[in-house]
Amino acid sequence: MDDDNKVIAEARESFGKGAARKIRAAGSIPAVIYGHGTEPQHVTVPAHQVGLLIRKANAVLDLQIGGKSQLVLVKDVQKDPVHQIIEHLDLIVVKKGEKVQVEVPVHVEGEPAAGTIADLDAHTLSLEVEATHIPENVVVSVEGLEEGTQIHAKDVELPKGATLLSDADALVVNVHTPQKVDLGETAEAAEAEEAPAEEAAAESAE
């Protein structure tokens, strides 16, 4: 594990909205650690440091609690919808070598054949990976792909040790030619539709 992931956590004794507000005002975030059949553990963690670490999906933190080290996976981040301030974290205890199920972002690179576009249908793939080797993303190259090419989950190259949990036939990327819209014809069609409607309105007025 990288030392950058080491976070000093403190046991939390006070609860409720008022207590949570005080914790955040002091530059910390309230969090709950859920373990393997153990009672949930309530802690606080430094807001700025953890805010930077969890920019990466599926961040694993090395919590230092009372001098003991505990690896945790960030499972849920609750944010204030307006200010985007982190209000609370749900953390899951993990062990080195243990497999976990995570949603990993799909990153598209390259340019498809001229005149085509590559639509990303699945923004994440569900994988089973080692807790301490969670990939930041999976990469799908669309370089030079022709119209009609489809990449499914089973076609995506996974990191070493990762197992696909998503539906193997799920569509990830679809390469196609954008539909061309003739604005002239569209305008004429709209006028043609409006004309009978105007005539009908005039007749009913009479």
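Shown above is the structure to which this text applies.
Residues numbered from 1 in each chain as written. Predicted model: local features only at pLDDT ≥ 70, side-chain atom pairs only at ≥ 80, totals over all residues. Heavy atoms only, no water.

### Description of the environment of Asp80
For the record, the criterion: We count a stretch as a helix when DSSP gives it H or I for four or more residues in a row; a strand needs E for two or more, and each element gets its number in order from the N terminus. Here a residue-residue contact requires only that any non-hydrogen atoms of the pair lie within 4.5 Å. Here a polar contact is taken to be a pair of N or O atoms separated by no more than 3.5 Å, where protein atoms must pair a possible hydrogen donor with a possible acceptor and residues adjacent in sequence count only if both atoms sit in side chains.
Along the chain, Asp80 falls in the loop between strand S5 (68-79) and strand S6 (86-93). Setting aside its immediate chain neighbours within four residues, Asp80 contacts Ile85 and Glu87. Of the polar contacts made by the side chain of Asp80, one reaches the backbone nitrogen of Val82; its length is 2.8 Å.

### Re the sheet that holds strand S10 (residues 138-141)
This is how the line gets drawn: DSSP-based pairing: two strands are paired if at least 2 bridges between them are found.
What the four strands build is an open sheet, ordered S10-S7-S9-S12; its pairing is mixed. In this open sheet, the two strands that pair with only one neighbour each are S10 and strand S12 (163-164). Bridging between strand S7 (residues 99-109) and strand S9 (residues 124-130) involves seven bridges; their strand directions are antiparallel. Bridged to Val100 within S9 is Val129.

### Some remarks on the layout of surface pockets
Short version of the rule: In this analysis, the protein atoms alone were mapped onto a 1 Å grid. Cavities are point sets where a 1.4 Å probe fits without being able to get out; pockets are open sets with protein on both sides within 12 Å along at least five of seven lines; lining residues have an atom within 4 Å of a point. Grid points are joined across faces, edges and corners, and a volume is the space filled by probe spheres set on the points. Throughout this entry, Asp, Glu, Lys and Arg are counted as charged residues, while Ala, Val, Leu, Ile, Met, Phe, Trp, Tyr, Cys and Pro are counted as nonpolar. The remaining residues, Gly among them, count as polar.
Reported here for the largest pocket is a volume of approximately 220 Å³. As for the largest pocket, its lining consists of 13 residues, and the residues nearest its centre are Ala57, Asn58, Val74, Lys75 and Asp76. At the level of secondary structure, the elements contributing two or more residues to the lining of the largest pocket comprise S5 and S7. Sorting elements by how many residues they give to the lining of the largest pocket places S5 first, with five residues. Classifying every residue of the lining of the largest pocket by side-chain character gives seven nonpolar, two polar and four charged.

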